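Chain and residue survey
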Amino acid sequence: LFLSPYFCKTEAYEPFDLAEPVPGPTTDAFAALAAALDVAVVVSVFERRTAGLYHNTAAVLDVARGYAGKYRKMHIPDDPRYYEKFYFAPGDLGFRAFDTAKGKLGVLICWDQWYPEAARLMALAGADMLLYPTAIGWDPNDNKQDQTNQKNAWQIMQRSHAVANHLPVIVANRVGHEPDPADRGAGIQFWGGSFICGQQGDILAEGDVQSAQYLLADVELARTESLRRMWPYFRDRRIDAYGELQQRFSKS
């Protein structure tokens, strides 16, 4: 949703005019950029699937293949200032990793980052790394301790996905203040803090909370293999005993 302010702070019909097909104009532009720069790009787009049906979607553009596919956000929040259920239908493409010339990318979006099940399913799909384009921030009226606790929890959660799956994690978060367009509150102070961590949650690069930045880090993909031999979580998973995970809640 990088092409506009974060419009989900309120419920209104006008933002639907921002939606576009995927693939479409934005993915065409970034596919050309990926080819020109010899990179793979993950770009978040407000997808118009058909009249009245929209998704929060991340498209993958590859230097070799161009448009490589898309992931539709699976977990849709509905909280004060994050009224996403008004705009987006839940994703229906599942959790699959995308082959690119730079590795196999497991792409998830924002609220998905709080769900270990999503990260694990991307790992099981063969992802070489996990990527989380994100728009998360504080209520500017939150006290400093609450702000610190919220941001720490957000980073710890995603670093734990790296540890549990032995995969690098790349997180790009929105930064800066955006007011409430309905003028009913203080808006959102997006806390930035974009980061890259290695397969054991080790921070390789990290942004600050107020600047628009880019981060660079070298990631050793071969490290996944050696770590999974020493810490064989995938070998020791009790897949025969996890059936209750498919229930909303279990009282047993």
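Above this note sits the structure.
In this report, the structure presented in the accompanying data block is examined. No experiment lies behind these values; they were computed from the predicted model shown.

What counts and how
Residues numbered from 1 in each chain as written. Predicted model: local features only at pLDDT ≥ 70, side-chain atom pairs only at ≥ 80, totals over all residues. Heavy atoms only, no water. Helix = DSSP H or I, 4+ residues; strand = E, 2+ residues; numbered from the N terminus. Rg over C-alpha atoms; globule rule 2.2 N^0.38 Å. Buried < 20%, exposed > 50% of the residue type's maximum accessible area, 1.4 Å probe, protein only. Contact = heavy atoms within 4.5 Å. Lys, Arg positive; Asp, Glu negative; His and termini not counted. Charge placed at Lys NZ, Arg CZ, Asp CG, Glu CD. Expected span 1.5 Å × (residues − 1). Arc of directions from axis to C-beta. Polar contact = N/O pair within 3.5 Å; in protein donor to acceptor, adjacent residues only side chain to side chain.

Attention now moves to the overall build of the protein. For the protein, the helix and strand inventory stands at 5 helices and 14 strands. The C-alpha radius of gyration computed for the protein amounts to 18 Å, which stays within 12% of the reference 18 Å derived for 252 residues, consistent with globular compactness. If you line up the protein on its principal axes, its C-alpha atoms span 55 × 45 × 35 Å. Buried residues in the protein amount to 43% of all 252 residues. Partitioning the intrachain contacts of the protein with sequence separation of at least 6 by distance along the chain shows that 62% fall at a separation of at least 24. For the protein, the separation between the mean place of its 26 positive charges and that of its 31 negative charges on side chains is 5 Å.

This paragraph deals with helix 3 (residues 144–165). End to end, helix 3 covers 32 Å across 22 residues, agreeing with the expected 32 Å (1.5 Å per residue, within 8%). All of the buried residues in helix 3 are Gln147, Lys151, Trp154, Gln155, Gln158, His161, Ala162 and Asn165. What you see down the axis of helix 3 is that its buried residues fit within an arc of 120°, all on one side. Its side-chain oxygen 3.0 Å from the backbone nitrogen of glutamine 145, asparagine 143 forms the N-cap of helix 3. Histidine 166 occupies a position one or two residues after helix 3 and carries a positive phi of about 50°.

Residue valine 22 is joined to proline 23 through a cis peptide bond whose omega torsion reads 5°. Within the secondary structure, proline 23 is located in the segment before helix 1 (25–37). Notably, arginine 81 is not glycine yet its phi reads approximately 80°, a positive angle. If you trace the backbone, arginine 81 turns up in the loop between strand 4 (78–79) and strand 5 (82–83). Judged by relative accessible area, which is 25%, arginine 81 ranks as partly exposed. Positive phi is not limited to glycine here, since cysteine 110 has a value of about 45°.

The residue glutamine 150 is located in helix 3 in this model. Judged by relative accessible area, which is 30%, glutamine 150 ranks as partly exposed. C-alpha separation for the pair glutamine 150 and valine 169, spaced 19 residues apart in sequence, amounts to 19 Å. Apart from the residues lying within four places of it in its own chain, the contact partners of glutamine 150 are Trp138, Asp142 and Trp191.

Of note, serine 4 is situated in the segment before helix 1. When residues no more than four places from it in sequence are discounted, the contact partners of serine 4 are Leu18 and Arg174.

Attention shifts here to the environment of arginine 159. Mapped onto the elements of the fold, arginine 159 is located in helix 3. Remark: the alpha-carbon pair of arginine 159 and cysteine 197, spanning 38 residues in sequence, is separated by 6.9 Å. If we skip the residues at most four places from it in the chain, arginine 159 touches Phe195, Cys197, Gly201 and Ile203.

These figures capture arrangement, not role.
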